[in-house]
Amino acid sequence: MSKKNVAVIPGDGIGPEVIGATLEVLEKVAPGRFDFHEVAMGGNAIDKYGEPLPDFRLKTCQEADATLLGAVGGPKWDNQPPENRPERGLLRVRSGLEVFANIRPAKIFAPLASACPLRKDIAEKGIDFIIVRELTGGIYFGKHEAFKTPSGERAARDVMEYTEHEIRRIAHVAFKMAMGRRKLVTSIDKANILTVSRLWREVVEDVAKEYPEVKLNHLYVDNASMQLIRVPSEFDVIVTENTFGDILSDEASQIVGSIGMIPSASLGDNNRGLYEPIHGSAPDIAGQDKANPIGTILAGAMMLRYSFEMNKEADAIENAVDEVLKAGLRTGDIYTEGTKLITGSQMKAEIISRL
Ligand code: IPM
Ligand code: MG
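Values in this document were obtained by computation on a predicted structure and should not be read as measured data.

About the cut-offs
- Residues numbered from 1 in each chain as written.
- Chains lettered and ligands numbered in written order.
- Predicted model: local features only at pLDDT ≥ 70, side-chain atom pairs only at ≥ 80, totals over all residues.
- Heavy atoms only, no water.
- Helix = DSSP H or I, 4+ residues; strand = E, 2+ residues; numbered from the N terminus.
- Contact = heavy atoms within 4.5 Å.
- Domains from an automatic or database assignment.
- Salt bridge = Lys/Arg side-chain N within 4 Å of Asp/Glu carboxyl O.
- Polar contact = N/O pair within 3.5 Å; in protein donor to acceptor, adjacent residues only side chain to side chain.
- Nonpolar A, V, L, I, M, F, W, Y, C, P; charged D, E, K, R; others polar.
- Buried < 20%, exposed > 50% of the residue type's maximum accessible area, 1.4 Å probe, protein only.
- Axes fitted to C-alpha atoms, helices over the stretch in contact; angles between N-to-C directions.
- Parallel < 35°, antiparallel > 145°, perpendicular 65-115°, else oblique.
- Left-handed = near helix turned anticlockwise from the far one by under 90°.
- Core = buried A, V, L, I, M, F, W, Y, C linked by side-chain atoms within 4.5 Å.
- Near = heavy atom within 4 Å.
- Areas by Shrake-Rupley, 256 points an atom, 1.4 Å probe, with all protein chains shown as cover.

**Brief notes about the side chain of serine 249**
Positionally, serine 249 belongs in helix α9 (residues 242-255). When near neighbours in sequence (up to four residues on either side) are disregarded, serine 249 contacts Arg104, Ile131 and Ile278.

**Some words on the domain arrangement of the protein chain**
According to the domain assignment, the protein chain contains domain 1 (1-105 + 259-355) and domain 2 (117-255). With 16 residues of domain 1 in contact, the opposing surface of domain 2 contributes 20 residues. Taken together, the connections running from domain 1 to domain 2 amount to zero salt bridges. Where domain 1 meets domain 2, there are four residue pairs in polar contact (both at pLDDT 80 or more). Elements with a contribution of two residues or more to the side of domain 1 that touches domain 2: α4 (86-96) and β4 (101-107). With five residues, the single largest contributor to the side of domain 1 that touches domain 2 is β4. Class assignment of the residues belonging to the side of domain 1 that touches domain 2 gives a composition of ten nonpolar, three polar and three charged.

**Thoughts on the pattern of salt bridges**
With the rule as written, the count across this model stands at 26 salt bridges. The residue arginine 92 makes a salt bridge to aspartate 55 at a minimum N-O spacing of 2.5 Å. One end of the pair, arginine 92, is in helix α4; the other, aspartate 55, is in helix α3 (residues 55-63), and 37 residues separate them in sequence. For aspartate 55, a relative accessible area of 53% gives the class exposed. A cluster of three or more residues bridged by salt bridges with shared partners is formed by Asp128, Arg181, Arg182 and Asp236.

**Quick word on the packing of helix α1 (residues 15-29) against helix α11 (residues 311-326)**
Look at α1 against α11: their axes get within 10 Å of each other, and the N-to-C directions meet at 125 degrees. The orientation of α1 relative to α11 falls into the category oblique. Here the hand of the crossing between α1 and α11 comes out right-handed. From α1, Val25, Leu26 and Val29 reach across to α11, where they touch Glu313, Ala316 and Ile317. When the residues that make up the contact of α1 with α11 are grouped by side-chain class, the tally is five nonpolar, no polar and one charged.

**A closer look at unusual backbone geometry**
You will see that glutamate 98, though not glycine, has its phi angle at about 55 degrees, which is positive. Exposure remark for glutamate 98: the relative accessible area of 59% places this residue in the exposed category. For lysine 183, which is not a glycine, the phi torsion comes out positive at approximately 60 degrees. Among the secondary structure elements, lysine 183 is positioned in the loop between α6 (164-179) and β8 (184-189).

**Points about the nonpolar core**
Counting residues in each nonpolar core, the largest one holds 63 residues, and the members touching the most others are Val132, Phe175, Tyr275, Leu304 and Ile351. The dominant element in this core, judged by the number of residues it contributes, is helix α10 (residues 294-306), at eight residues. Counting the residues that make up this core, at least three belong to each of domain 1 (1-105 + 259-355) and domain 2 (117-255). Apart from residues lying up to four places away in sequence, isoleucine 351 is in contact with Val25, Ile294, Ile297, Ala320, Val321 and Val324. In terms of nonpolar packing, the next biggest core, distinct from the first, is built from 23 residues, Phe129, Leu219, Ala252 and Ile262 among them.

**Here's the deal with the site of ligand 1**
Glu87, Leu90, Arg94, Arg104, Arg133, Tyr140 and Asp246 make up every residue found near ligand 1. Arginine 133 places a side-chain nitrogen or oxygen 2.8 Å from an oxygen atom of ligand 1. The side chain of aspartate 246 places a nitrogen or oxygen atom 2.8 Å from an oxygen atom of ligand 1. In the complex, the protein chains occlude 75% of the 320 Å² of accessible area that ligand 1 would expose alone. Looking at which element gives the most residues to the shell around ligand 1, the answer is α4, with three residues.

**Looking at the packing of α1 against α10**
Across the interface, α1 lies against α10 with an axial gap of 8 Å and an inter-helix angle of 45 degrees. What the angle tells us is that α1 and α10 run oblique. As α1 packs across α10, the resulting crossing turns out to be right-handed. Together, Val18, Ile19, Ala21, Thr22, Val25, Leu26 and Val29 of α1 and Thr296, Ile297, Gly300, Met303 and Leu304 of α10 make up the contact between the two elements. Its residues assigned to classes, the contact of α1 with α10 comprises nine nonpolar, three polar and no charged.

Here you go:
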């Protein structure tokens with residue numbers, strides 16, 4: 001069987017730690033099946049090349065079968081001009097790979113139920129939903145401008161724009177996903193204010209006609225942020241634009257216990273995805289062996305499943321994570337009384353020993 005070429009972007013902060021752990025896990029579960037190609041992106045690439053993602057590095061990702069990413073950014077690069085910040089590298093790799101659909105699962109791991117900050121009667125109803133976030137459009141990719149008004153006052157604007165086809169294709173991803181689940185799509189927008197949202201709603205309703213078995217409802221984003229903590233069990237597949245999805249997925253991560261636990265897959269029209277945890281580079285704990293590698297390890301499992309159809313190996317990783325949690329082993333972010341606190345590298349070793 002031919003080897004899979006995987007572009008690997010360790011990034012900044014805790015990125016290299018969690019990526020290092022994930023590569024070891026992948027090598028253990030499928031020895032000799034991968035060629036890893038390291039790509040500098042983010043702050044470390046600014047230090048090395050003067051920019052967060054040079055063309056030739058993006059090319060490595062575009063030529064790979066899939067890309068695995070840690071996290072980028074940190075205070076060291078806060079003074080970079082906006083167009084040269086580490087995060088720009090992230091946006092560039094997402095758009096360069098044309099991965100417009102970001103899948104962020106929010107599921108409560110039974111052994112972590114006590115880390116859920118919600119009331120017991122709410123958590124007990126079960127939490128298992130997926131956020132399908134549009135990833136290459138909207139305000140993050142619109143025109144960004146700082147300017148002066150005629151009277152000389154400082155002003156700024158960021159443009160939110162979506163075309164019909166961008167909405168249509170992400171809606172299809174959500175409905176298809178719902179067909180394999182509980183057949184419920186919640187589309188989240190701000191159609192009471194935003195013109196973009198009104199178009200969003202029209203197009204999503206249109207797409208819904210092709211999936212008569214799926215129930216569609218709409219929520220305004222402010223209300224949705226409330227319902228997610230009031231009745232999280234009522235959500236199955238959420239579809240929303242880039243910024244709303246960014247914000248709501250952080251909220252979702254807390255609902256299920258920790259941002260350190262959630263992986264994500266970003267997919268386009270082919271199966272060359274981009275896989276990353278949803279957390280950032282956490283510079284405050286970098287280099288201290290405190291970071292929870294589980295989000296990235298599970299992103300690795302998603303890569304096996306979605307890009308390489310290696311479902312057995314993906315299951316093995318997910319089961320090993322489950323076993324470790326059942327054994328009561330916890331990094332700091334998911335630690336609760338009565339469990340055992342371990343380091344990031346111990347967590348990695350415990351997972352590997354269960355593969
Ligand atoms: C995420 C992150 C990024 C995003 C930032 C770092 C640009 O918050 O993946 O959610 O907003 O997409
Ligand atoms: Mg975010």
